[in-house]
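# Examination of the molecular architecture
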Amino acid sequence: MKKFLFVLLMLFCIIGCQPIKTEFKNVNNISELSNIIENNDEVIIEITKDTCPYCNELNEKESKLNRDIVVYKYEINETTTETDMEFLKNNFDPFEYVPTFYYFKNSEIVDYLVISDWSDPLNELKYWLKKVE
(Lines give C-alpha, C1' and ligand atoms only; values in the text may rest on other atoms or scores of the structure.)
Protein backbone atom coordinates (compact mmCIF):
# COMPACT_ATOMS: atom_id res chain seq x y z
CA MET A 1 0.00 0.00 0.00
CA LYS A 2 2.86 2.39 0.81
CA LYS A 3 4.45 1.68 -2.57
CA PHE A 4 1.18 2.38 -4.32
CA LEU A 5 0.75 5.71 -2.50
CA PHE A 6 4.36 6.62 -3.22
CA VAL A 7 3.98 5.84 -6.93
CA LEU A 8 0.68 7.74 -7.06
CA LEU A 9 2.28 10.74 -5.34
CA MET A 10 5.25 10.67 -7.74
CA LEU A 11 2.96 10.50 -10.78
CA PHE A 12 0.96 13.43 -9.44
CA CYS A 13 4.15 15.46 -8.95
CA ILE A 14 5.47 14.62 -12.41
CA ILE A 15 2.19 15.37 -14.16
CA GLY A 16 1.37 18.40 -12.01
CA CYS A 17 4.83 19.93 -12.33
CA GLN A 18 4.91 20.18 -16.11
CA PRO A 19 5.77 23.69 -17.28
CA ILE A 20 2.89 25.74 -18.63
CA LYS A 21 3.29 26.63 -22.29
CA THR A 22 1.52 29.39 -24.15
CA GLU A 23 -0.38 27.96 -27.08
CA PHE A 24 -0.10 29.81 -30.38
CA LYS A 25 -2.74 28.96 -32.97
CA ASN A 26 -2.38 30.08 -36.56
CA VAL A 27 -5.35 31.82 -38.14
CA ASN A 28 -5.57 31.05 -41.84
CA ASN A 29 -7.82 33.82 -43.14
CA ILE A 30 -9.81 36.93 -42.26
CA SER A 31 -13.08 35.04 -42.01
CA GLU A 32 -11.59 32.71 -39.41
CA LEU A 33 -10.09 35.69 -37.57
CA SER A 34 -13.45 37.44 -37.47
CA ASN A 35 -15.16 34.29 -36.16
CA ILE A 36 -12.58 33.88 -33.40
CA ILE A 37 -13.15 37.44 -32.22
CA GLU A 38 -16.94 37.15 -32.38
CA ASN A 39 -17.18 33.71 -30.74
CA ASN A 40 -14.89 34.24 -27.74
CA ASP A 41 -15.61 36.40 -24.70
CA GLU A 42 -11.91 37.16 -24.40
CA VAL A 43 -9.21 36.60 -26.97
CA ILE A 44 -5.65 37.67 -27.73
CA ILE A 45 -4.69 38.20 -31.37
CA GLU A 46 -1.19 38.71 -32.71
CA ILE A 47 -0.81 40.31 -36.13
CA THR A 48 2.50 39.53 -37.83
CA LYS A 49 4.01 39.69 -41.29
CA ASP A 50 6.05 36.98 -42.97
CA THR A 51 8.74 39.44 -44.14
CA CYS A 52 9.05 41.28 -40.82
CA PRO A 53 12.42 40.61 -39.12
CA TYR A 54 11.02 41.66 -35.73
CA CYS A 55 8.14 39.22 -36.10
CA ASN A 56 10.58 36.43 -36.94
CA GLU A 57 12.77 37.32 -33.98
CA LEU A 58 9.78 37.27 -31.65
CA ASN A 59 8.54 33.96 -33.11
CA GLU A 60 11.76 32.31 -32.01
CA LYS A 61 11.35 33.60 -28.46
CA GLU A 62 7.61 33.08 -27.95
CA SER A 63 8.05 29.38 -27.17
CA LYS A 64 9.64 30.50 -23.88
CA LEU A 65 6.42 32.10 -22.67
CA ASN A 66 5.01 30.26 -19.68
CA ARG A 67 1.44 31.53 -19.61
CA ASP A 68 -1.66 29.38 -19.60
CA ILE A 69 -3.28 31.21 -22.52
CA VAL A 70 -3.98 30.88 -26.22
CA VAL A 71 -2.75 33.50 -28.66
CA TYR A 72 -4.22 33.49 -32.16
CA LYS A 73 -1.72 34.54 -34.82
CA TYR A 74 -2.70 36.08 -38.11
CA GLU A 75 0.17 36.51 -40.55
CA ILE A 76 0.11 39.01 -43.38
CA ASN A 77 1.72 37.38 -46.40
CA GLU A 78 1.57 37.18 -50.20
CA THR A 79 -1.97 35.75 -50.08
CA THR A 80 -3.33 38.67 -48.05
CA THR A 81 -5.66 40.73 -50.22
CA GLU A 82 -6.51 44.43 -50.19
CA THR A 83 -9.88 43.48 -48.70
CA ASP A 84 -8.07 41.64 -45.91
CA MET A 85 -5.90 44.69 -45.23
CA GLU A 86 -8.97 46.91 -45.11
CA PHE A 87 -10.53 44.57 -42.56
CA LEU A 88 -7.41 44.81 -40.41
CA LYS A 89 -7.28 48.60 -40.67
CA ASN A 90 -10.98 48.92 -39.82
CA ASN A 91 -11.07 46.40 -36.97
CA PHE A 92 -7.62 46.62 -35.39
CA ASP A 93 -7.20 50.22 -34.40
CA PRO A 94 -4.44 51.25 -34.22
CA PHE A 95 -2.97 49.15 -36.99
CA GLU A 96 0.39 50.60 -37.93
CA TYR A 97 3.14 48.18 -36.98
CA VAL A 98 3.79 44.49 -36.74
CA PRO A 99 3.99 42.56 -34.58
CA THR A 100 1.09 43.94 -32.58
CA PHE A 101 -0.95 42.12 -29.97
CA TYR A 102 -4.62 42.91 -29.31
CA TYR A 103 -6.73 41.92 -26.35
CA PHE A 104 -10.43 41.66 -27.22
CA LYS A 105 -13.26 41.39 -24.74
CA ASN A 106 -16.79 40.92 -26.07
CA SER A 107 -15.52 41.61 -29.60
CA GLU A 108 -14.05 45.00 -28.62
CA ILE A 109 -10.38 45.94 -28.33
CA VAL A 110 -9.62 46.58 -24.68
CA ASP A 111 -5.85 46.88 -24.93
CA TYR A 112 -3.01 46.39 -27.39
CA LEU A 113 0.75 46.08 -27.40
CA VAL A 114 3.25 47.26 -29.96
CA ILE A 115 6.64 45.96 -28.88
CA SER A 116 8.89 48.95 -28.22
CA ASP A 117 11.80 47.39 -26.33
CA TRP A 118 13.58 45.17 -28.83
CA SER A 119 16.44 44.58 -26.40
CA ASP A 120 14.01 42.35 -24.45
CA PRO A 121 10.73 41.91 -26.36
CA LEU A 122 9.76 38.77 -24.48
CA ASN A 123 9.83 40.57 -21.15
CA GLU A 124 7.62 43.35 -22.53
CA LEU A 125 5.18 40.78 -23.87
CA LYS A 126 5.13 38.90 -20.54
CA TYR A 127 4.37 42.10 -18.66
CA TRP A 128 1.51 42.96 -21.04
CA LEU A 129 0.04 39.45 -20.89
CA LYS A 130 0.09 39.56 -17.11
CA LYS A 131 -1.75 42.90 -17.27
CA VAL A 132 -4.54 41.63 -19.54
CA GLU A 133 -5.03 38.24 -17.88
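Below: a short report on this structure. Being a predicted model, the structure only gives us computed values, none of them experimental.

The rules behind each value
- Residues numbered from 1 in each chain as written.
- Predicted model: local features only at pLDDT ≥ 70, side-chain atom pairs only at ≥ 80, totals over all residues.
- Heavy atoms only, no water.
- Axes fitted to C-alpha atoms, helices over the stretch in contact; angles between N-to-C directions.
- Helix = DSSP H or I, 4+ residues; strand = E, 2+ residues; numbered from the N terminus.
- Parallel < 35°, antiparallel > 145°, perpendicular 65-115°, else oblique.
- Left-handed = near helix turned anticlockwise from the far one by under 90°.
- Contact = heavy atoms within 4.5 Å.
- Nonpolar A, V, L, I, M, F, W, Y, C, P; charged D, E, K, R; others polar.
- Salt bridge = Lys/Arg side-chain N within 4 Å of Asp/Glu carboxyl O.
- Buried < 20%, exposed > 50% of the residue type's maximum accessible area, 1.4 Å probe, protein only.

## Thoughts on the packing of helix H3 (residues 53-62) against helix H5 (residues 121-132)
Where H3 meets H5, the closest approach of the two axes is 10 Å, and the angle between their N-to-C directions is 70°. Classified by the interaxial angle, the pair formed by H3 and H5 is roughly perpendicular. For the element pair H3 and H5, the recorded crossing hand is right-handed. Between H3 and H5, the residues in contact are Glu-57, Leu-58, Lys-61 and Glu-62 and Pro-121, Leu-122 and Leu-125, respectively. Looking at the contact of H3 with H5, its residues break down into 4 nonpolar, no polar and 3 charged.

## Description of the pattern of salt bridges
On inspection of all chains with the given rule, the structure shows 6 salt bridges. A salt bridge links Lys-73 to Glu-46; the nearest nitrogen and oxygen atoms lie 3.5 Å apart. Taken as a pair, Lys-73 in strand E3 (residues 70-76) and Glu-46 in strand E2 (residues 42-49) lie far apart in primary sequence, 27 residues in all. Residue classification places Lys-73 among the buried residues on the basis of a relative accessible area of 10%. When the shortest N-O distance is used, the salt bridge between Glu-133 and Arg-67 registers 2.5 Å. Separated by 66 residues along the polypeptide, Glu-133 in the segment after H5 and Arg-67 in the loop between H3 and E3 bring together distant segments of the chain. Connected through salt bridges with shared partners, the residues Glu-46, Glu-62 and Lys-73 form a single ionic network.

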